[in-house]
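Structural characterization, general
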Amino acid sequence: MMILDAQNLTRTYALENREITILNDVSLSVFPGEFLVIQGNSGSGKTTLLTLLSGLDRPTSGRIFIRNREITHLSEDEMAPFRNRTFGFVFQSFHLVPALNALENVMFPAELSGNRHAREKAEALLGRVGLTARRHHFPHQLSGGEKQRAAICRALVNEPDILFADEPTGNLDTENSGAILSLLLDLRKERGATLILVTHSAEIAAMADRRLVLRDGEIADGTTP
Ligand SMILES: Nc1ncnc2c1ncn2[C@@H]1O[C@H](COP(=O)(O)OP(=O)(O)O)[C@@H](O)[C@H]1O
Ligand SMILES: [Mg+2]
């Protein structure tokens, strides 16, 4: 069974009195435990595709199934808890909550899903990325690499089945990129998690099971597993 199956996804926006097509008839299937990399030029629709696949945005047309369960038409009230349990997200720009320290940021999704071990889990993850000494620091007191490591811990705290990451190492140095990548690969090895990553890094792309290339909102290469 596929863990993710997207059929004929199209996303359009109304711009003034025109309709612009951002994604056009994109279909893809992902195996459980697969490491899929999405590549493509800036503006080709990579972020849009990730937000659709992860239920953060809805396609204009097309259907999305997660393990045979259709999520396309879930209401936000149904989608939010499903997302929190099933998906982890890492965005390019961290999205940490400024008023929460690193530890509280990481604990947050676990607390939301009622996990009584949220603190222990968060502490353990922060330890793995070398942030124990910084766990009580707020986002503005952390470097870019530290914020991104905290954001990855937050994405992993609920042990997601699918981790989506949008250029997770985009602004980071080699050392931080390496730390983040190895954490993602550990998650996959230890838990069989599926990784769906947008990246410009040829090095990361080379480690993926499959590379999919978007061009002007269409899949130019890589549909077939
Ligand atoms: N909310 C929106 N309204 C209108 N256009 C958008 C919106 N979001 C993205 N776009 C446009 O869609 C195209 C693809 O964007 P995006 O998915 O962010 O590409 P990528 O992540 O590959 O750089 C871009 O031309 C962008 O300007
Ligand atoms: Mg993008």
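The model shown is predicted, which means the values in this text are computed figures rather than measured ones. (Residues numbered from 1 in each chain as written. Chains lettered and ligands numbered in written order. Predicted model: local features only at pLDDT ≥ 70, side-chain atom pairs only at ≥ 80, totals over all residues. Heavy atoms only, no water.)

1. Considering the overall build of the chain
So the rule is basically this: Secondary structure elements are taken from DSSP: a helix is a run of H or I of four residues or more, a strand is a run of E of two residues or more, and numbering for both begins at the N terminus. This radius of gyration counts C-alpha atoms alone. The globule rule is 2.2 Å times how many residues there are, raised to the power 0.38. Categorising residues by exposure relies on relative accessible area from a 1.4 Å probe, with only protein chains included: less than 20% of the type maximum marks a residue as buried, more than 50% marks it as exposed, and the intermediate range marks it as partly exposed. Any two residues whose heavy atoms approach within 4.5 Å at even a single point are treated as in contact. Throughout, the Shrake-Rupley method with a 1.4 Å probe supplies accessible areas, and for residues the shown protein chains are the sole cover considered. His is not counted here, nor are the chain ends, while Lys and Arg score as positive and Asp and Glu score as negative. In this description, the location of a charge corresponds to atom NZ of lysine, CZ of arginine, CG of aspartate or CD of glutamate.
Scanning the chain for helices and strands turns up seven helices and ten strands. Radius of gyration (C-alpha) of the chain: 17 Å, near the 17 Å computed for a compact globule of 225 residues. Taking the principal axes of the C-alpha coordinates as reference, the chain spans close to 50 × 40 × 40 Å. Relative to its 225 residues, the chain shows a buried fraction of 48%. Contacts in the chain between residues far apart in sequence, at least 24 positions, make up 69% of those at least 6 positions apart. Split by element, the accessible area of the chain, about 10,900 Å² in all, is 48% carbon and sulfur. A distance of 4 Å separates the average location of the 24 positive side-chain charges in the chain from that of its 28 negative side-chain charges.

2. Considering the site of ligand 1
Cut-off, in case you're wondering: The cutoff for a nearby residue is simple: one of its non-hydrogen atoms must lie within 4 Å of the molecule or strand. N or O atoms closer than or at 3.5 Å make up a polar contact, with two conditions inside protein: a donor-capable atom paired with an acceptor-capable one, and, for residues adjacent in sequence, both atoms drawn from side chains. Residues are grouped as follows: nonpolar covers Ala, Val, Leu, Ile, Met, Phe, Trp, Tyr, Cys and Pro; charged covers Asp, Glu, Lys and Arg; every other residue, Gly included, is treated as polar.
The local shell around ligand 1 consists of Tyr-13, Ile-22, Asn-41, Ser-42, Gly-43, Ser-44, Gly-45, Lys-46, Thr-47 and Thr-48. Take Ser-44: an N or O atom from its main chain is 3.3 Å from an oxygen atom of ligand 1. With respect to ligand 1, the side chain of Thr-48 contributes an N or O atom lying 2.5 Å from an oxygen atom. Relative to its unbound accessible area of 560 Å², ligand 1 is 59% covered by the protein chains. Top contributing element to the shell around ligand 1 by residue count: helix H1 (residues 46-53), with three residues. Class assignment for the residues of the shell around ligand 1 results in two nonpolar, seven polar and one charged.

3. A word on helix H6 (residues 174-191)
Since there are 3.6 residues in each turn of an α-helix, residues three or four apart along the chain are aligned in direction. The line we're drawing: Here, expected helix span is obtained from the residue count minus one, scaled by 1.5 Å. This arc describes the spread of directions from the helix axis toward the C-beta atoms.
With 18 residues, H6 extends 26 Å between its outermost C-alpha atoms, agreeing within 8% with the 26 Å of an ideal straight helix rising 1.5 Å per residue. Taken together, the buried positions of H6 are Asn-176, Ser-177, Ile-180, Leu-181, Leu-183, Leu-184 and Leu-187. Buried residues along H6 cover an arc of 155° about the axis, so they all sit on one side. The exposed set on the far side of H6, more than 90 degrees from its buried face, consists of Thr-174, Glu-175, Lys-189 and Glu-190. As for H6, its buried residues are in contact with helix H4 (118-128), helix H5 (144-156), strand E7 (162-166), strand E8 (194-198) and helix H7 (202-207). Phi turns positive one or two residues past the end of H6, at Gly-192, with a value near 65°.

4. Description of the nonpolar core
One recurring pattern in soluble globular proteins is that nonpolar side chains are buried together. Spelled out, the test is: By nonpolar core we mean a set of buried residues, namely Ala, Val, Leu, Ile, Met, Phe, Trp, Tyr and Cys, connected to one another through side-chain atoms within 4.5 Å.
Within the largest apolar cluster, 36 residues are counted, with the highest numbers of intra-cluster contacts made by Leu-163 and Leu-197. Those elements that place two or more of their residues in this core are strand E3 (35-40), helix H3 (102-112), H4, H5, E7, H6, E8 and H7. The element that contributes the greatest number of residues to this core is H5, accounting for six residues. In this structure Leu-197 touches Phe-35, Leu-36, Val-37, Ile-38, Ala-165, Pro-168, Leu-184 and Ile-204, once residues within four positions along its chain are discounted. Membership of the second largest hydrophobic core comes to 28 residues, among which are Ile-38, Ile-71, Met-79 and Ile-162.

5. Focus: the packing of H3 against H4
Applicable threshold: All axes here are fitted lines through C-alpha atoms, helices being fitted over the stretch that makes contact, and every angle between N-to-C directions spans 0 to 180 degrees. Working rule for angles: under 35 degrees goes down as roughly parallel, over 145 as roughly antiparallel, 65 to 115 as roughly perpendicular, anything else as oblique. It is the rotation of the near helix from the far one that decides the hand of a crossing: anticlockwise by less than a right angle makes it left-handed, clockwise makes it right-handed.
Put simply, H3 and H4 touch, their axes get as near as 9 Å, and they point 130° apart. Taken together, H3 and H4 sit at an angle that is classed as oblique. Note on packing geometry: the crossing formed by H3 with H4 is right-handed. Counted together, Ala-102, Leu-103, Val-106, Met-107, Ala-110 and Glu-111 of H3 and Ala-118, Arg-119, Ala-122, Glu-123 and Leu-126 of H4 form the full contact between these two elements. Considered class by class, the residues forming the contact of H3 with H4 number eight nonpolar, no polar and three charged.

6. Looking at the confidence of the model for the chain
The line we're drawing: Confidence scores per residue from the predictor, reported as pLDDT, run from 0 to 100.
For the chain, per-residue confidence averages 91 on the pLDDT scale, and residues scoring 70 or more make up 98% of the total. Mean pLDDT across the secondary structure elements of the chain bottoms out at H6, with 83, and peaks at strand E4 (residues 61-66), with 97.

7. Re the sheet that holds E8
For clarity, the cut-off: Whether two strands pair depends on DSSP finding at least two bridges between them.
The six strands lie next to each other as E6-E7-E8-E3-E9-E10, forming an open sheet whose pairing is mixed. The open sheet has two edge strands with one neighbour each: strand E6 (87-90) and strand E10 (218-221). In this sheet, adjacent strand axes meet at a mean angle of 25° when their direction is disregarded. Here E6 runs beside E7; their pairing, made up of four bridges, is parallel. Bridging from a neighbouring strand, Val-90 pairs with Ala-165 of E7. Lying over the sheet, H5 contacts E6 and E7, oriented at roughly 170° with respect to E6.

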